[in-house]
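# Architecture at a glance
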Amino acid sequence: MQDLEQRLRKGLQAEPEQNFERSDEQLIQRAVTTVSVEQGGKDFISLGLASIWVVFASIFMNLLKPVFKTMAKNRSK
């Protein structure tokens, strides 16, 4: 057991301290950027789906416009 502890101590002492030199502000900034990228992706997908529905509704209305005109003419007679 002591052999394991000694190896761990030597390993930790040999590691450079650079890995642990990130400030809290840098970590928070990285987390905010990650969340922003994920949220941006979700927003982009939502916008794409909304655009598809708008196009679908537009096509549907263009197809039905003659039917509505015919119905309006028949009703006014």
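Here goes a summary of the coordinates provided. (Residues numbered from 1 in each chain as written. Predicted model: local features only at pLDDT ≥ 70, side-chain atom pairs only at ≥ 80, totals over all residues. Heavy atoms only, no water.)

### Some details on the overall build of the protein chain
The cut-off we apply is this: Strands are runs of DSSP state E lasting at least 2 residues, helices are runs of H or I lasting at least 4, and numbering of each runs from the N terminus. Using a 1.4 Å probe, the Shrake-Rupley method yields the accessible areas, and only the shown protein chains count as cover for residues.
Helix and strand content of the protein chain: two helices and zero strands. With the model as given, the accessible surface of the protein chain reaches about 7,700 Å², and the carbon-plus-sulfur share is 63%.

### Quick word on helix H2 (residues 24-76)
Since there are 3.6 residues in each turn of an α-helix, residues three or four apart along the chain are aligned in direction. Applicable threshold: Helix span, as expected, comes to 1.5 Å for every residue beyond the first. The angle between axes fitted to the seven residues ending at a residue and the seven residues starting there is what we call the bend at that residue.
Taking 1.5 Å per residue as the helical rise, H2 with its 53 residues ought to reach 78 Å, and the 73 Å between its terminal C-alpha atoms agrees with that figure. At Leu64, H2 shows its maximal kink, close to 40°; a proline, Pro66, follows between one and four residues later.

### As for the pattern of salt bridges
As a reminder of what qualifies: Basic side-chain nitrogens of Lys or Arg form a salt bridge, by our definition, when they fall within 4 Å of a carboxyl oxygen of Asp or Glu. Each residue is assigned to one of three classes by its accessible area relative to the maximum for its type, calculated with a 1.4 Å probe on protein chains only: buried under 20%, partly exposed between the two thresholds, exposed over 50%.
In this structure the tally under the stated criterion is one salt bridge. Arg7 serves as the salt-bridge partner of Asp3, at 2.9 Å between the closest nitrogen and oxygen. Taken together, the positions of Asp3 and Arg7, both in helix H1 (residues 2-14) and four residues apart, correspond to about one turn of that helix. Note on Asp3: relative accessible area 44%, which makes it partly exposed.

### Some remarks on the packing of aromatic side chains
Rules: Only Phe, Tyr and Trp rings take part, Trp by its six-membered ring, and two of them pair if their centres are within 6.5 Å. Stacked means planes under 30 degrees apart, edge-to-face means over 60, and tilted covers everything else.
Within this structure, the stated rule accounts for two aromatic pairs. Considering the side-chain rings of Trp53 and Phe56, the 5.7 Å spacing of their centres and the 90° angle between planes classify their relative orientation as edge-to-face. Of this pair, Trp53 and Phe56 both sit in helix H2, three residues apart, which is roughly one turn of the helix. Residue class for Phe56 comes out partly exposed when judged on its relative accessible area of 48%.

### What about a nonpolar patch on the surface?
Rules: Each patch is built from residues that are more than 30% exposed by relative accessible area and take part in no salt bridge. Like charges join if they lie within 9 Å; nonpolar side chains (Val, Leu, Ile, Met, Phe, Trp, Tyr) join within 5 Å.
A contiguous nonpolar patch, built from Ile45, Leu49, Ile52, Trp53, Phe56, Phe60, Met61, Val67, Phe68 and Met71 and spanning about 1,100 Å² of accessible area, is present on the exposed surface. Mapped onto the fold, Leu49 is located in helix H2. Overall, the relative accessible area of 48% leaves Leu49 in the partly exposed class.

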